[in-house]
Amino acid sequence: MAPKGGKMEDTHIIIADRYRSEIGELTISKNLDMEIGETNDFELTLSLDDWEKTDYGKDFLLYIDQTEYGGYAKNVEIDTALDSSTIKFSGLMWRGFLQKKIIEPPSGLAYLTVSGDANTAMRTVAGDKLDPLFVFSSELSGLAVNYQFDRYTDMLTGFEKMLKTVNARLEIKFDRTDRLVHVSAVPIVDYSNTLEYTTDDNTYFKITESTNKCNHLICLGSGELTARQVVHLYIGENGEITTTKFYTQSDEIVEVFDYPNAEDLPSLTKAGTDHLLEIKNAQSVVIKVKDVPAEIGDIVGGRERISGYLVQKPIIGKIYRISGTTENIELKVGD
């Protein structure tokens, strides 16, 4: 994605060596997929002929300045097919680096808890685990958190869940000036009332709606037979999780969640809630656009004119894709 306010055609993909010293821009023909939100990785495919003319070396870095599109090309695959010999590079995006770090509870304690400013909390939890590439903002975010992390959760999931409790999201961007990845907490922006994507401007939509998934989860915890912990969780009228049944009779779809290691009813309820969020009814929308100011966690609106289908959901994934000279961004929105 181009920096906020920019256009796709102005995008500059920078190549740097393993020490982040800039080599130049990626100008040769390429196929590039950079995905954030789900796989958090990228693939860059070049012809072997073009590759031989470069001096990128191994473990090179590519990035788009002032965005979170970027990462190290750590993996290589060479295909010498007769019709087109290619070399493919892949690696983790910056968000993927966070995903590969684990938040462990302190020695002697069941959970890690934090309280105070969100930026301070993230900086404390991260410690030196992502040095020297990442820097967590030392400025106060103005967002006060009081949060208990899940046991042995990955850093990305932990930070995202923590920030969601204060209606905030992660901001991640590479700065070519100091050659560092900057991470901070910022408020979620709701663009749905001011920015609506429609098929009128040739925007591509792929819409999937699942309404026959679980809406009643029976959570089974520790204990045996009649002494076993049991919690019933339900999906409410507006998609919220509640302890009051809304869907009944043939509309009720029940599943069982077996969690025998639950320490108590609150921990069973929390684990069950997390599980139900993953399996409940969902809307999935992919919107292909040319330019978008919103980031992962921000809320956008989209309308398919023929069907009248309208969605106002947070962005859960973005794919920046180049195929030859064609560039676009795919937004994945959902709960």
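The present account deals with the structure reproduced in this document. Note that the coordinates shown come from a computational prediction; the quantities given were computed from them, not determined experimentally.

Details of the state of the cysteines
Cysteine pairs can be covalently joined through their sulfur atoms, and such a bond is termed a disulfide. As enumerated under the stated definition, the model contains 0 disulfides in all. No disulfide involves C214; its nearest neighbouring cysteine sulfur is the one of C219, lying 8.8 Å away. On the basis of relative accessibility, which here comes to 1%, the residue C214 falls in the buried class. For C219, a relative accessible area of 0% puts it in the buried group.

Focus: the packing of aromatic side chains
All chains considered together, the criterion is met by 17 aromatic pairs. Aromatic side chains Y72 and W94 sit 6.3 Å apart centroid to centroid with 85° between the ring planes, which places their arrangement in the edge-to-face category. With Y72 in strand β6 (residues 70-72) and W94 in helix α2 (residues 94-99), this residue pair connects regions lying 22 residues apart in the sequence. Here the aromatic rings of F136 and F159 are separated by 6.1 Å at their centres, their planes lie at 80°, and the arrangement is edge-to-face. Remark: F159 occurs in helix α4 (residues 155-164) and F136 occurs in strand β11 (residues 134-136); sequence separation between them is 23 residues.

Description of the pairing of strand β4 (residues 41-47)
Where strand β3 (residues 31-36) lies against β4, 5 bridges are found, and the strand directions are antiparallel. Considered in β4, the bridge of N31 is made with T45. Between β3 and the antiparallel strand that follows it, β4, lie 4 residues; G37 among them carries a positive phi value of about 115°. Looking at chain direction, β4 and strand β8 (residues 86-92) are connected through 7 bridges and run antiparallel. In the strand pairing of β8, E43 is matched with S90.

Remarks on the side chain of R169
Along the chain, R169 falls in strand β14 (residues 168-175). When its relative accessible area of 6% is taken as the criterion, R169 is described as buried. Among the polar contacts made by the side chain of R169, one reaches the side chain of D298 at a distance of 3.1 Å.

Quick notes on the pattern of salt bridges
Throughout the structure, instances matching the rule amount to 17 salt bridges. Between E38 and K332 there is a salt bridge, with the nearest N and O atoms lying 3.2 Å from each other. With E38 in the loop between β3 and β4 and K332 in strand β25 (residues 326-333), the pair connects residues that are 294 residues apart, well separated along the chain. What makes K332 partly exposed here is its relative accessible area of 24%. Among the salt bridges present, the one from D274 reaches K161, with a minimum N-O distance of 3.5 Å. Separated by 113 residues along the polypeptide, D274 in helix α5 (residues 265-279) and K161 in helix α4 bring together distant segments of the chain. Residue K161 is classed as partly exposed on the basis of its relative accessible area of 28%.

Overview of the side chain of T153
Note that T153 resides in strand β13 (residues 153-154). The class for T153 is buried, based on a relative accessible area of 10%. Beyond its immediate sequence surroundings of up to four residues, T153 is in contact with K101, I102, I103 and G158.

Brief notes about the sheet that holds strand β19 (residues 230-235)
To summarise the sheet geometry, strands pair through backbone hydrogen bonds and adopt either a parallel or an antiparallel arrangement. Pairing in this open sheet of 4 strands is mixed, and the strands run β20-β19-β18-β21 from one edge to the other. Of all the strands in the sheet, the pair left with one neighbour each is β20 (241-242) and β21 (254-258). Both β19 and β20 contribute to a ladder of 2 bridges, which runs antiparallel. Bridging from a neighbouring strand, Y234 pairs with T242 of β20. Running over the sheet, α5 touches β18 (216-220), β19, β20 and β21 and is turned about 35° from β19.

Parameters at a glance
Residues numbered from 1 in each chain as written. Predicted model: local features only at pLDDT ≥ 70, side-chain atom pairs only at ≥ 80, totals over all residues. Heavy atoms only, no water. Disulfide = S-S within 2.5 Å. Buried < 20%, exposed > 50% of the residue type's maximum accessible area, 1.4 Å probe, protein only. Phe/Tyr/Trp six-rings, centres within 6.5 Å; stacked < 30°, edge-to-face > 60°. Helix = DSSP H or I, 4+ residues; strand = E, 2+ residues; numbered from the N terminus. Pairing = 2+ DSSP bridges. Polar contact = N/O pair within 3.5 Å; in protein donor to acceptor, adjacent residues only side chain to side chain. Salt bridge = Lys/Arg side-chain N within 4 Å of Asp/Glu carboxyl O. Contact = heavy atoms within 4.5 Å. Axes fitted to C-alpha atoms, helices over the stretch in contact; angles between N-to-C directions.

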